Amino acid sequence: MSDSEGVVEGVVNATVEEVVDAFAHYDEGSMMADAALFIMAVLPIIFGSWRSIDSIRALFAEAKKKGEKLELMTSSDALAFPLYASCTLLGLYGLIKMIGPEYTTMLLTSYIILMGVGSVTIAYAPVFSMIVPCKNKFTLTFSEEGEDVFSEEERKLKKEKESKEEDNKEDKKEDKAELEHKEHFNLEFTNAHLVALLFSIFLAAVYLITKHWVANNIFGLGFAIAGIQFLPLSEFKVAALLLTLLFFYDIFWVFYTDVMVTVARNFDAPIKVTFPRDFPTAGFGSEKLALLGLGDIVLPGAVIALLLRFDQTRRKGSYVYFATTLVAYMLGLLVTGFVMHYYKHAQPALLYLVPACLLAPLLLAAVKGELSLLFGYSDEREHGDSSEDKAETTKKTK
């Protein structure tokens, strides 16, 4: 018995010594960088998740008003996503190897910045609304008038909508006129959005000129919040399939090739959040940056946002699935950082984040006896049905 205890004690001591040695160079700068990345990963998920409640509801309402079907991610889309992501990753890797990272970055940064201006405007408009008067709303509409402006599928959806409405001549006359007038684009905005847009354009100019990590992070956080807010994940089973596939995608491209690490280190665009590891000594001028890809924030974050919407349909003010999975995500981030410092090698963050973000809600649902509710949840069923259908669905759920 004593020999066994001695062996166990020896193993424990050796393990402790290895951990101590691995973190011998973990200084104040590294601690600040890890803490900053942790905060920049968690905050967009919180803000994006809560905003997604109203955003998803508004998108379904707008689609229903137009008689259109909102495009949501399906199982087929989830299956294809890693393939498209791999093709994009290989394309960037090939460009970096053939024409160099400078020209690759130059070619693609303008496109990403253009998208970033919209994302930053959406993400930070609520912030500016606290200091800018927003009493009036403006609408920018792009529409088409004429015959046969609707597709066959759109006409079918409109006929279904008409059959559910009251049978009176005024409604029918209005629907007939609507068939000849199709809105392609309808944007509502306030003064806060205009100020946010000007701020975004100014920020884009600063980033293109300086490539400073602070400007990068403001863009990255805007991307993350908007992505979580609007990513069309409507069903947990689709979300689980997507994360599971990306789990293996991340492992393959990080551990078995140098593709992802090469792209991450050489492609200088706001597709990641960064923070200097030598900030205490170098300050804002540092170029020794720690980084976390936006995919490690947006994809788990979209699942957490979906769980918050699931919470809200179960009971108003409930957020047990959201809070549980968010804490699991935080623990996954901490494990990722620990393993990265221990092995001194870049880690596929989804290797730790996917199990955390899937096992947490699944175990909670199993304990509460709500697995069927979790896998049966759909934003489309909740917000896309008519009030009668929704009431019937709620009745069956109860």
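Because the structure is predicted, anything quoted here is derived from the model rather than measured.

A. Inspection of a nonpolar patch on the surface at higher detail. On the surface, a cluster of nonpolar side chains totalling about 590 Å² of accessible area is made up of M98, I99, Y103, M106 and L107. Broken down by secondary-structure element, the contributors of at least two residues to the nonpolar patch are α3 (75–99) and α4 (101–128). The dominant element in the nonpolar patch, judged by the number of residues it contributes, is α4, at three residues. Topologically, Y103 is positioned in helix α4.

B. Region of the structure containing the nonpolar core. Counting 89 residues, the largest nonpolar core has L233, F236, V273, I297 and Y329 as the members making the most contacts within it. Residue contacts for F236: discarding those within four places in its chain leaves V303, L306, L307, L358, P361, L362, L374, F375 and Y377.

C. Region of interest: helix α14 (residues 350–368). Taking 1.5 Å per residue, 19 residues should reach 27 Å; α14 reaches 27 Å between its end C-alpha atoms and fits that length. Burial in α14 covers these residues: L350, L351, Y352, L353, V354, A356, C357, L358, A360, P361, L364 and A365. Where the residues of α14 are buried, they touch α9 (236–255), α12 (295–314), α13 (320–343) and α15 (371–376). Phi turns positive one or two residues past the end of α14, at G369, with a value near 70°.

D. Just the packing of α3 against α4, in detail. At a minimum axis separation of 7 Å, α3 and α4 run at an interaxial angle of 130°. As the angle between them shows, α3 and α4 are arranged oblique. In contact with L92, L95, I96 and I99 of α3, α4 contributes P101, Y103, T104, L107 and L108. Across the contact of α3 with α4, the residue classes tally to eight nonpolar, one polar and no charged.

E. View of the side chain of S200. Turning to its location among the elements, S200 is positioned in helix α7 (residues 191–210). Side-chain polar atoms of S200 contact the backbone oxygen of V117, separated by 3.5 Å. A distance of 2.7 Å separates a polar atom in the side chain of S200 from the backbone oxygen of A196. Excluding anything up to four places from it in sequence, S200 contacts V117, V120, T121 and F219.

F. Representation of the environment of D379 in the model. You can see D379 is positioned in helix α16 (residues 379–384). Separated by 145 residues in sequence, D379 and S234 place their C-alpha atoms 4.9 Å apart.

G. Fine view of the packing of α7 against helix α8 (residues 213–230). It is the contact of α7 with α8, at a shortest axis distance of 9 Å, that shows an interaxial angle of 140°. Looking at the two axes, α7 sits oblique to α8. Regarding α7 and α8, the two cross each other, and that crossing is left-handed. For the pair α7 and α8, the contacting residues are F199, S200, L203, A204, V206 and Y207 in the first and A215, N216, I218 and F219 in the second. Of the residues that constitute the contact of α7 with α8, the class distribution is eight nonpolar, two polar and no charged.

H. Just the confidence of the model for the chain, in detail. Of the residues in the chain, 78% have a pLDDT of 70 or more, and the chain-wide mean is 80. Looking at the elements of the chain, mean pLDDT is at its lowest for helix α17 (residues 387–397), recorded as 44, and at its highest for α14, recorded as 95. Note on residues 1–14: pLDDT under 50 across the span, and zero contacts to partners over four residues away in sequence or across chains. Counting contacts from residues 386–398, a segment whose pLDDT is below 50, to residues more than four positions away or on other chains yields eight contacts.

I. Layout of the environment of F322. Here F322 is to be found in helix α13. Along the chain, F322 and L306 lie 16 residues apart, while their C-alpha atoms are 8.4 Å from each other. Contact partners of F322, with chain neighbours within four places excluded, come to I46, S49, W50, I304, L307, L308 and D311.

J. Representation of α7 in the model. Here α7 is 20 residues long and its end C-alpha atoms lie 29 Å apart, about the 28 Å a rise of 1.5 Å per residue gives. Buried residues of α7: A192, A196, S200, L203, A204 and Y207, and no others. Seen end-on, α7 carries its buried residues on one side only, within an arc spanning 115°. Seen from the buried face of α7, the exposed residues on the opposite side, beyond 90 degrees, are L198, F202 and I209. Of the surrounding elements, those touching the buried residues of α7 are α4 and α8. Directly beyond the C-terminal end of α7, a positive phi value near 55° is found at K211.

Scoring rules and cut-offs
Residues take numbers from 1 onward in each chain, read along the sequence in its written order. The model is predicted, so local features are restricted to residues of pLDDT at least 70 and side-chain atom pairs to those at 80 or more, both for listing and for counting; the totals for chains, interfaces and linings are taken over all residues. Side-chain numbers come from the whole structure's heavy atoms, not from hydrogens or water. Exposure above 30% relative accessible area and the lack of any salt bridge qualify a residue for a patch; like charges then connect within 9 Å, and the nonpolar side chains Val, Leu, Ile, Met, Phe, Trp and Tyr within 5 Å. All accessibility values rest on the Shrake-Rupley procedure with a 1.4 Å probe; residue burial counts only the protein chains present in the view. Counted as salt bridges are all cases of a side-chain nitrogen of Lys or Arg within 4 Å of a carboxyl oxygen of Asp or Glu. A run of DSSP states H or I qualifies as a helix once it reaches four residues; a run of E qualifies as a strand once it reaches two. Both are numbered from the N-terminal end. By convention a nonpolar core is built from buried Ala, Val, Leu, Ile, Met, Phe, Trp, Tyr and Cys residues, the set being connected through side-chain atoms within 4.5 Å. Between buried and exposed lies partly exposed: a residue is buried under 20% and exposed over 50% of the maximum accessible area for its type, with that area taken using a 1.4 Å probe on protein chains only. By definition, residues are in contact when any of their heavy atoms lie within 4.5 Å. Each residue after the first adds 1.5 Å to the expected span of a helix. As a rule, the C-alpha atoms of each element are fitted with a line to give its axis, helices using only the stretch in contact, and angles between N-to-C directions run from 0 to 180 degrees. Note on angle classes: values under 35 degrees are labelled roughly parallel, values over 145 roughly antiparallel, values of 65 to 115 roughly perpendicular, and the remainder oblique. Gly falls in the polar group here, along with every residue not listed as nonpolar (Ala, Val, Leu, Ile, Met, Phe, Trp, Tyr, Cys, Pro) or charged (Asp, Glu, Lys, Arg). In the analysis that follows, any N or O atom pair within 3.5 Å is treated as a polar contact, provided that within protein one partner can donate a hydrogen and the other can accept it, and provided that, for residues neighboring in sequence, both atoms belong to side chains. With the far helix as reference, a near helix turned anticlockwise by less than a right angle produces a left-handed crossing, and one turned clockwise produces a right-handed crossing. Each residue carries a pLDDT score, the predictor's own confidence in it, on a scale running from 0 to 100. By construction, the arc corresponds to the directions joining the helix axis to the C-beta atoms.

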